[in-house]
Amino acid sequence: MSQEVRSMANPEKITKNSDGSLNVPDCPIIPFIEGDGIGPDIWRASQLVIEAAVKSQYGGTRKIDWLELPVGEKGYAQTGNYLPDEALKTIQDHIVAIKGPLTTPIGKGIRSLNVAIRQKLDLYACVRPVRYIETVPSPMKNPEKINMVVFRENTEDLYAGIEWASGTDEAEAVADFFKSKMGVALPPLSGIGVKPISPGNTKRLVASAITHALDNGFPSVTLMHKGNIMKFTEGAFATWGYEVAKERFGDQTITESQLYDQYDGNIPAGKVVIKDRIADMLFQQVLLRPDEYGVIATPNLNGDYISDALAAQVGGLGMAPGANIGDTCAVFEATHGTAPKYTGMDKVNPGSLILSGAMMLDYMGWKEAGKAVRDAIQAAIKALRVTYDLARQIDGAEEVKCSVFAEAIAQQMK
């Protein structure tokens, strides 16, 4: 019996070892959520490319056994629930999953399915690598200087969803409490939101960012915040970030002041510099001096803004991968929306989900396959047969369907 037949006869779950590392079998069962709108189109394309990468690097010795989860519109049609508890349990049980974009149901009591998945599974780190792919149109003069990874805290800040609408009894009660107990008078009929930022959630996020920098050769971790105004939330985020660097990585990190006071601006071997920047100033810096920044750790809302802005610098969300990672499981996902007007048209760029699949392969330890995906998508774009969003910006490019673009990427690995 061949190795391929043996593997496919015995698909197994990924498990975690006692030290937190993954135990990945040769035929892991990977749950996937197809997604809504353009989700089915880009998922088929991504599945084709991921499988081609695994086959190109490992022959028949490794293979993925896919397990579909009914979530989103398909979940509602099958179970009457947009986000079934069983789907969440399956992701937890299988450690690693991948998903397409999901529509947020209107008037159904869920603010965002994507946010709900992150919060219910405690996927506290939204990880968004941003790196230029040659030939992709960019508004930057030197996009090749951009090589950053955003670690966005996923579970609190304004995304905690603690808010009350203008004119409601709840909003008035909160306003009365502020006035009577805190001496703070709000404008009449204010809508009110609460912005929690905690030391525990901040420190685990920043610790994961520092670990990533150390493991992947990034020279710095920048704490992005608006602490000059929001001193006890975002200012505290920066304070706690420095604290966890000293507490857990004291022999591997230095502050920016130490860098210049003790090392004359030269980073010692094996050290990562911890620095902080005010949020609005950092938006300028990543445009003007992008090569000075590596890993960025930030609260939730800032992370939403900066990750999309950085994606625009290297060609847009269509080529931006992402993952949501916690201590128990990880979900890799497209970073854009469902684009319902293109549903079923086999038209849109699958690059975001394909590159998220490459991140997933890296996370599983199948780094050769992850690299194969990135190399192949680069080669396919340079061959100038691309989806409409790229074709309209690249001189001499031929516009092809989503599925044809995926086939061209897969062909690069043969």
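Above: the structure in question.
Residues numbered from 1 in each chain as written. Predicted model: local features only at pLDDT ≥ 70, side-chain atom pairs only at ≥ 80, totals over all residues. Heavy atoms only, no water.

Caption draft 1: Layout of a negative patch on the surface. The grouping of Asp-169, Glu-170, Glu-172 and Asp-176 at the surface amounts to a negative patch. When you line up the elements, Asp-169 lands in helix H6 (residues 169–182). (Patch = residues over 30% accessible without salt bridge, like charges linked within 9 Å, V, L, I, M, F, W, Y side chains within 5 Å. Areas by Shrake-Rupley, 256 points an atom, 1.4 Å probe, with all protein chains shown as cover. Salt bridge = Lys/Arg side-chain N within 4 Å of Asp/Glu carboxyl O. Lys, Arg positive; Asp, Glu negative; His and termini not counted. Charge placed at Lys NZ, Arg CZ, Asp CG, Glu CD. Helix = DSSP H or I, 4+ residues; strand = E, 2+ residues; numbered from the N terminus.)

Caption draft 2: Fine view of the packing of aromatic side chains. As enumerated under the stated definition, the model contains 8 aromatic pairs in all. Taken together, a centroid distance of 6.3 Å and an interplanar angle of 50 degrees make the contact between Phe-177 and Phe-178 tilted. By relative accessible area, Phe-178 is classed as partly exposed at 25%. Ring pairing ties together the aromatic residues Phe-32, Trp-43 and Trp-66, which thus form one cluster. (Phe/Tyr/Trp six-rings, centres within 6.5 Å; stacked < 30°, edge-to-face > 60°. Buried < 20%, exposed > 50% of the residue type's maximum accessible area, 1.4 Å probe, protein only.)

Caption draft 3: Region of the structure containing a nonpolar patch on the surface. There is a patch of nonpolar side chains on the surface, built from Phe-177, Met-182, Val-184 and Leu-186 and spanning about 340 Å² of accessible area. Structurally, Leu-186 can be placed in the loop between H6 and strand S9 (192–193). Classification of Leu-186 by relative accessible area gives partly exposed; the value is 32%.

Caption draft 4: The arrangement of the pairing of strand S10 (residues 220–225) in detail. Judged by how many residues are buried, S10 sits mostly within the fold: 6 of 6 residues are covered. By the alternation rule, side chains of S10 split into Ser-220, Thr-222 and Met-224 and Val-221, Leu-223 and His-225, which are all buried. Note that S10 and strand S12 (residues 272–278) share 6 bridges and pair parallel. Considered in S12, the bridge of Val-221 is made with Ile-274. Here S10 runs beside strand S13 (residues 295–298); their pairing, made up of 3 bridges, is parallel. In the sheet register, Thr-222 faces S13, and the bridge partner there is Ile-296. (Pairing = 2+ DSSP bridges.)

Caption draft 5: Just the side chain of Lys-203, in detail. In this structure, Lys-203 sits in helix H7 (residues 199–216). Within the structure, Lys-203 has its side chain in polar contact with the side chain of Glu-247 (distance 3.2 Å). The residues touching Lys-203, leaving out its near neighbours within four places in the chain, are Trp-240, Glu-243, Val-244 and Glu-247. (Polar contact = N/O pair within 3.5 Å; in protein donor to acceptor, adjacent residues only side chain to side chain. Contact = heavy atoms within 4.5 Å.)

Caption draft 6: A look at the layout of surface pockets. For the largest pocket, the calculated volume is near 1,600 Å³. Taken together, 47 residues make up the lining of the largest pocket; nearest its centre are His-212, Asn-216, Met-359, Asp-362 and Lys-367. Those elements that place two or more of their residues in the lining of the largest pocket are strand S6 (125–131), strand S7 (147–153), H7, strand S14 (321–325), helix H12 (351–363) and helix H13 (367–382). Residues belonging to the lining of the largest pocket are distributed by class as follows: 25 nonpolar, 10 polar and 12 charged. (1 Å grid on protein atoms, 1.4 Å probe; cavity = no way out; pocket = protein on both sides within 12 Å on 5 of 7 lines; lining within 4 Å. Points joined across faces, edges and corners; volume = space filled by probe spheres on them. Nonpolar A, V, L, I, M, F, W, Y, C, P; charged D, E, K, R; others polar.)

Caption draft 7: Examining empty space enclosed by the protein more closely. Scanning the model with the defined rule gives 1 cavity of 30 Å³ or more in all. The computed volume of the largest cavity comes to approximately 30 Å³. Surrounding the largest cavity, Lys-99, Asn-114, Ile-117, Arg-118, Leu-123, Asn-324, Val-331 and Glu-333 form its lining. Going through the elements one at a time, helix H5 (113–120) and strand S15 (330–334) are the ones with two or more residues in the lining of the largest cavity.

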